[in-house]
Amino acid sequence: MAQKQLTSTIAASEGQKAWFASLRERVFETRAPYAIGQADMPFELFQAMDVPMVSNQWWAAVVSAKRLAPYYLDKLNEAGFHKGLCRYCSLSMASTVLGDTSQAPWGGLPKPSLLAARLTCDCVQRVFETWAEQCGAELILLDAPAATHLPPRWWEQSRHDWRELFEDHRLRFMVRQFERLIASLERISGRKFDPDRLRTLMEQVNRQEEYFEEVRLAICNAPKTPVRMHEQFTNVMAAQWQRGSDWAVSQAKAFRDEVVSRAEQGIAACPNERLRIMWVGAGLWYDLDFYTAFEESHGAVFVWSMYLAFGPDGYIRYGLADPLLALASRTVSMNEQLHNPPWANEWIVEQARSHRIDAAFVLTPLGTRPSATGTRFVEIALEEAEIPVFSVHADMVDARLWDAEEMRRDASRFLDHVGRR
Amino acid sequence: MRKGRIAGITSNTVPWEILRAAGYSPVLLEDEAGPTPHADRWMEDVFDRRFRVIFDRLCAGAWNHLHRIVIPRTSEQEHKLYLYLREIARTQPAGVIPELYFYNLLHTRTPESYDYGLERTRQMIRDFEVSEDELRDAIAESNRARGCVRDILQKRREGRLEGSAAIEMIRGFYSEDRGVFAGRVPDRLKAMQEQVAAHRPHILIKGVPLKDASLHRLVEEAGGYVVAEDDWRGSRAAGETDVCVNKDPATAIFEKYFYDEVSPRVHPAEHRDAWYQREIERAHVDGVLFYVPLEDDVQGWDYPEQLAHLKSRSIPSVVVRENGAPLADFVGSLHRK
Ligand code: SF4
């Protein structure tokens, strides 16, 4: 993997490893409760209740990056789950309950007290039901009514006018579900929920995302990006999973300081940058080298992914008099905003323009098929905006479906063509 | 009752009674042969063929006999179908897509989802401007049709009606005026007195939603008798109960669709599988056929546990990925208890 250029990236990785080690210690030694949850769950509630939560997708990415996904996915198939089923959300389950679980990275995940998911598809409830049964963990599922108010340019309303944007009936429903979740957290942790603490945390989350917005702006404005995309991943995700905590806010600030300073000094992540590339979709966790593979040959630098860009537009909420309602507005459409029409296509084109993107690589998940929805709308919208698109048909965690050489060859051909434009 | 307009519905949980009371003839939107260029352009391959056809024909303006499209939150594919159609309506030339309506019925069996769904049902009644009397008339018509579906299923249990024929008869429940359906079915059933199932093994089909009776026919050709299927197009079309006539109509309609309909989103699993478990307990099944193609994203998660349950009861089963393969051998190995 390309060398890390930012001190904050090293700090983020180390911070995350230290957090995980202390989690294991707390869980094993003091039997402290912890949770595993989907990435679009309200992490803030867990944070406010001092119940650590591991993001399911983050853990799947770690397992995949350690090249352990094929082993655990084979175990899943051997247990009778057929080969066509979704992998992103089930890999972590497999790594905690099937085969040799001690092989999993960093000693593996201890048994959680709580599993939590929002029902953004028809399969995830089944993955979590199976998982909860195998672990003897409590299960909380948040149901997901559809948005029917779909105005254009959602990101212009999401910070201040979130009450109107996300529909009152959906917000009230989500708050009621939160109340059920809070009751579980109170039972599990023995602590009482404090809305003022949540409000303070939400204010901190705003601050954290404002730092990310400054980073995004620096990337947009710099002649050449001061930070590579995969370093953005590390910095942003480490902070997002613990968003609002003192550590996360100071990590985001350090990242901001470093990127802005590099931009001011004219330091480019890749001085050879000639093409700015955007990556649409979840990361290719088992082959992160892919993202730097075309720098030398084509001057093609991946500068954009949703992980950083969504922070400010998706998370910032002003007007926190009712913090639960504001948090509900962050939760009710998160997955849909990132992947489906009308939100994703319009927003991604806007992002491509502001980042001066020359070409987009768009992932169509193969082994995680239901999460592929919305991809065509994104591709067509980009092409209509005259941004060439390279479709990557691959899974985000299942390396068994990935031919690294062939993909690099095809991508090179595409970039040859883009470079000639 | 006002009449004359056609509403296209995408599945079993669109409240037929509300649309009927508003003067619509609700019709289930079905698969049809032919290419789907609009779907090929906009939709990923995760969508079932039927939803691709619906999207395609609506984008093409080929179904302009429809005045409304009503889609429930009963599966993720329908949710996405709604979003896709909304986006096409917003960004492509106006007037092609009929007016869309989304019914936000949830299927997690929690008090919050109950209250939310009831409120959304009341909202739908307001949006369609229907009176209580109109609703009561529609409920009566719909319940008569449900009674006929149960009569069809009873005939099949008696061994006098092939599963494929039952599926085809039940189709009218979704595609015709239910009053007409209820008027037509009894005479047809009366004529069916002959035993067709004697000594043939009784098979229950479980798995992905069936699109027609072709799988039933394959079982029948192999000598089996499909006695039931865990599917809203078949054994579960009418549900266990009628829409209650002793409650306020909004609550009665909502509760029927909330508690007594099929959806992949029903949670917890005990509720999702309650009907199936009961059928197995009734012990009139000689074998279970799981129809789970590799394109399935949902049923495969439930399969290992369901298989273990069948094994514990010594009930044989088979997985069919595509129509055919191990099916004939499996049916041939079964004996009627
Ligand atoms: S569709 Fe998405 S949320 Fe559902 S199981 Fe697959 S990866 Fe997870």
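None of these values were measured; they are calculated from a predicted model.

Quick notes on the rules
- Every chain's residues receive numbers from 1 upward, in the order its sequence appears when written.
- Ligands are numbered from 1 and chains lettered from A, in the order in which they are written.
- Confidence filtering applies because this is a predicted model: local features only for residues at pLDDT of at least 70, side-chain atom pairs given and counted only at 80 or more, and all residues used for totals across whole chains, interfaces and linings.
- Side-chain measures were taken over the full set of non-hydrogen atoms in the model, leaving aside hydrogen atoms and water.
- The way it works is that DSSP assigns letters per residue, a run of H or I at least four long becomes a helix, a run of E at least two long becomes a strand, and they are numbered from the N terminus.
- Only C-alpha atoms enter the radius of gyration; for comparison, a globular chain is expected to reach 2.2 Å times N to the power 0.38, where N is the number of residues.
- Categorising residues by exposure relies on relative accessible area from a 1.4 Å probe, with only protein chains included: less than 20% of the type maximum marks a residue as buried, more than 50% marks it as exposed, and the intermediate range marks it as partly exposed.
- Contacts are residue-level and defined by heavy atoms, with any inter-residue pair within 4.5 Å sufficient.
- Every accessible area reported is derived by Shrake-Rupley at a probe size of 1.4 Å, with residue values counting cover from the shown protein chains alone.
- Under the counting rule used here, the positive set is Lys and Arg, the negative set is Asp and Glu, and His together with the chain ends is not counted.
- Here the site of a charge means NZ on Lys, CZ on Arg, CG on Asp, or CD on Glu.
- Salt bridges are defined by distance alone: a side-chain nitrogen of Lys or Arg within 4 Å of a carboxyl oxygen of Asp or Glu.
- Buried area: the accessible surface (1.4 Å probe) lost by two parts on joining, summed over both.
- For this classification, Asp, Glu, Lys and Arg are treated as charged, while Ala, Val, Leu, Ile, Met, Phe, Trp, Tyr, Cys and Pro are nonpolar and the rest, including Gly, are polar.
- At least two DSSP bridges between two strands are required for those strands to pair.
- With axes taken as lines fitted to C-alpha atoms, and helix axes fitted only over the stretch in contact, angles between N-to-C directions fall between 0 and 180 degrees.
- Here, proximity means that at least one heavy atom of the residue falls within 4 Å of the molecule or strand.
- The split into domains, and so the bounds of each, comes from an automatic or database assignment of domains.
- Two N or O atoms form a polar contact when they lie within 3.5 Å of each other; inside protein one atom must be a possible hydrogen donor and the other a possible acceptor, and for residues adjacent in sequence the pair counts only when both atoms belong to side chains.
- Angle categories are assigned with fixed cut-offs, so that under 35 degrees is roughly parallel, over 145 is roughly antiparallel, 65 to 115 is roughly perpendicular, and the rest are oblique.
- By definition, turning the near helix anticlockwise from the far helix through less than a right angle yields a left-handed crossing, and turning it clockwise yields a right-handed one.
- The term nonpolar core refers to a set of buried residues drawn from Ala, Val, Leu, Ile, Met, Phe, Trp, Tyr and Cys, joined through side-chain atoms within 4.5 Å.

A. Here's a closer look at the overall build of chain A. Regarding its fold elements, chain A presents 18 helices and eight strands. For chain A, the C-alpha radius of gyration of 21 Å lies close to 22 Å, the compact-globule estimate for 421 residues. Dimensions along the principal axes, computed over C-alpha positions, put chain A at roughly 60 × 50 × 40 Å. Every one of the 421 residues in chain A was classed for burial, and the buried ones make up 67%. Contacts spanning at least 24 positions in sequence make up 80% of the contacts within chain A whose residues lie at least 6 apart. As presented, chain A carries roughly 14400 Å² of accessible surface, and 49% of it is formed by carbon and sulfur atoms. Mean positive and mean negative side-chain charge positions of chain A (47 and 55 charges, respectively) differ by 2 Å.

B. Geometry of the pattern of salt bridges. One pass over the structure, following the stated rule, counts 71 salt bridges over all chains. A salt bridge links Arg-200 of chain B to Glu-162 of chain B; the nearest nitrogen and oxygen atoms lie 2.8 Å apart. In this pair, Arg-200 of chain B is assigned in the loop between α8 (178-190) and β5 (202-207) and Glu-162 of chain B in the loop between α6 (132-157) and α7 (163-175), connecting sequence segments 38 residues apart. Of the residues examined, Arg-200 of chain B reaches a relative accessible area of 15% and is grouped as buried. Of the charged contacts in the structure, one is a salt bridge between Lys-206 of chain B and Asp-273 of chain B, with a shortest N-O distance of 3.6 Å. With Lys-206 of chain B in strand β5 and Asp-273 of chain B in the loop between α11 (269-272) and α12 (274-281), this residue pair connects regions lying 67 residues apart in the sequence. The exposure classification of Lys-206 of chain B matches that of Asp-273 of chain B, with both residues buried. Through salt bridges that share partners, Asp-122 and Asp-143 of chain A together with Arg-73, Glu-76, Lys-80 and Arg-265 of chain B make up one connected network.

C. Local environment of the interface of chain B and chain A. Taken together, the contacts link 53 residues of chain B with 56 residues of chain A. Interface area lost by chain B to chain A is led by Glu-44, Glu-112 and Trp-301 of chain B, which between them contribute 18%. Between chain B and chain A we count eleven salt bridges in total. Note that Arg-180 of chain A and Glu-112 of chain B form a salt bridge whose closest N and O atoms lie 2.6 Å from each other. Residue assignment for the side of chain B that touches chain A shows that the elements contributing at least two residues are α2 (37-42), α4 (76-91), α5 (111-127), α11 and α13 (299-312) of chain B. Among the elements that take part in the side of chain B that touches chain A, α4 of chain B stands out by supplying ten residues, more than any other. Looking at the side of chain B that touches chain A residue by residue, the class counts come to 23 nonpolar, nine polar and 21 charged.

D. Geometry of unusual backbone geometry. A cis amide bond links Pro-341 of chain A to the next residue, Pro-342 of chain A, at an omega of 0°. Note that the residue after His-267 of chain B, namely Pro-268 of chain B, is joined by a cis bond; omega there is 5°. Its location among the elements puts Pro-268 of chain B in the loop between α10 (249-259) and α11. Although it is not a glycine, Glu-386 of chain A sits at a positive phi angle of roughly 65°. Inspection of the secondary structure puts Glu-386 of chain A in the loop between α17 (375-384) and β8 (389-394). One non-glycine residue, His-199 of chain B, adopts positive backbone phi at about 65°. Note on placement: His-199 of chain B falls in the loop between α8 and β5. The class for His-199 of chain B is exposed, based on a relative accessible area of 73%.

E. Expanded view of the sheet that holds β8 of chain A. Residue and element names in this part refer to chain A. One open sheet accounts for four strands, arranged β6-β5-β7-β8; its pairing is parallel. Each of the sheet's edge strands pairs with one partner strand only, and the pair in question is β6 (300-304) and β8. Mean inter-strand twist for the sheet, computed between neighbouring axes without regard to direction, equals 30°. With six bridges connecting them, strand β7 (residues 359-365) and β8 associate as parallel partners. For Pro-365, the partnering residue across the bridge sits in β8 and is Ala-394.

F. Spatial organisation of the site of the ligand. The environment of the ligand is made up of Gln-38, Cys-86, Tyr-88, Cys-89, Thr-120, Cys-121, Cys-123, Thr-368, Pro-370 and Ser-371 of chain A. Looking at the shell around the ligand residue by residue, the class counts come to six nonpolar, four polar and no charged.

G. Representation of the domain arrangement of chain B. Residues and elements named next belong to chain B. We note that the domain assignment places domain 1 (5-103) and domain 2 (132-333) within chain B. Inter-centroid distance (C-alpha atoms) of domain 1 to domain 2 is 24 Å. Facing 23 residues of domain 1, the contacting portion of domain 2 comprises 26 residues. Taking both sides of the interface into account, the surface hidden between domain 1 and domain 2 amounts to around 2100 Å²; carbon and sulfur atoms contribute 54%. When the area that domain 1 buries against domain 2 is broken down by residue, the three leading residues are Asn-12, Trp-16 and Glu-17, summing to 34%. At the boundary of domain 1 and domain 2, one finds six salt bridges. Among the ionic pairs, Glu-17 bridges to Arg-146, the shortest N-O distance being 3.0 Å. For the pair domain 1 and domain 2, the interface holds 14 residue pairs in polar contact (both at pLDDT 80 or more). Of all elements in the fold, only α1 (16-21) and β2 (24-28) reach the threshold of two or more residues within the side of domain 1 that touches domain 2. Here the side of domain 1 that touches domain 2 gets five residues from one element, more than from any other, and that element is α1. Broken down by class, the residue content of the side of domain 1 that touches domain 2 amounts to ten nonpolar, six polar and seven charged.

H. Region of interest: the sheet that holds strand β7 (residues 287-291) of chain B. All names here are of chain B. Reading across the sheet, the four strands line up as β6-β5-β7-β8 and stay open at both edges, with parallel pairing between neighbours. Two strands bound the open sheet, and with one partner strand each, they are β6 (225-229) and β8 (317-320). On average, each strand axis in the sheet is inclined to that of its neighbour by 30°, with strand direction left out of account. Pairing between β5 and β6: four bridges, direction parallel.

I. Highlighting the packing of helix α9 (residues 195-221) of chain A against helix α11 (residues 246-264) of chain A. Residue and element names in this part refer to chain A. As a packed pair, α9 and α11 sit with axes 9 Å apart at the nearest point and diverge in direction by 15°. As judged from the angle between their axes, α9 and α11 are roughly parallel. For the crossing formed where α9 meets α11, the hand is left-handed. Facing α9, whose interface residues are Gln-204, Arg-207, Gln-208, Tyr-211, Phe-212, Glu-214, Val-215 and Ala-218, α11 presents Asp-246, Ala-248, Val-249, Ala-252, Lys-253, Phe-255, Arg-256, Val-259, Val-260 and Ala-263. Here the residues of the contact of α9 with α11 are counted per class, giving eleven nonpolar, two polar and five charged.

J. Fine view of the nonpolar core. Among the nonpolar cores identified, the biggest contains 183 residues, and Leu-45, Phe-290, Phe-361 and Leu-382 of chain A are the most heavily contacted of them. Looking at which element gives the most residues to this core, the answer is α9 of chain A, with eight residues. Beyond its immediate stretch of four places on either side in the chain, Phe-290 of chain A contacts Trp-279, Leu-284, Phe-302, Phe-361, Trp-402, Met-407, Arg-408 and Ala-411 of chain A. Ranked by size, the runner-up nonpolar core spans 50 residues in total, among them Val-70, Leu-118, Cys-148 and Ala-250 of chain B.

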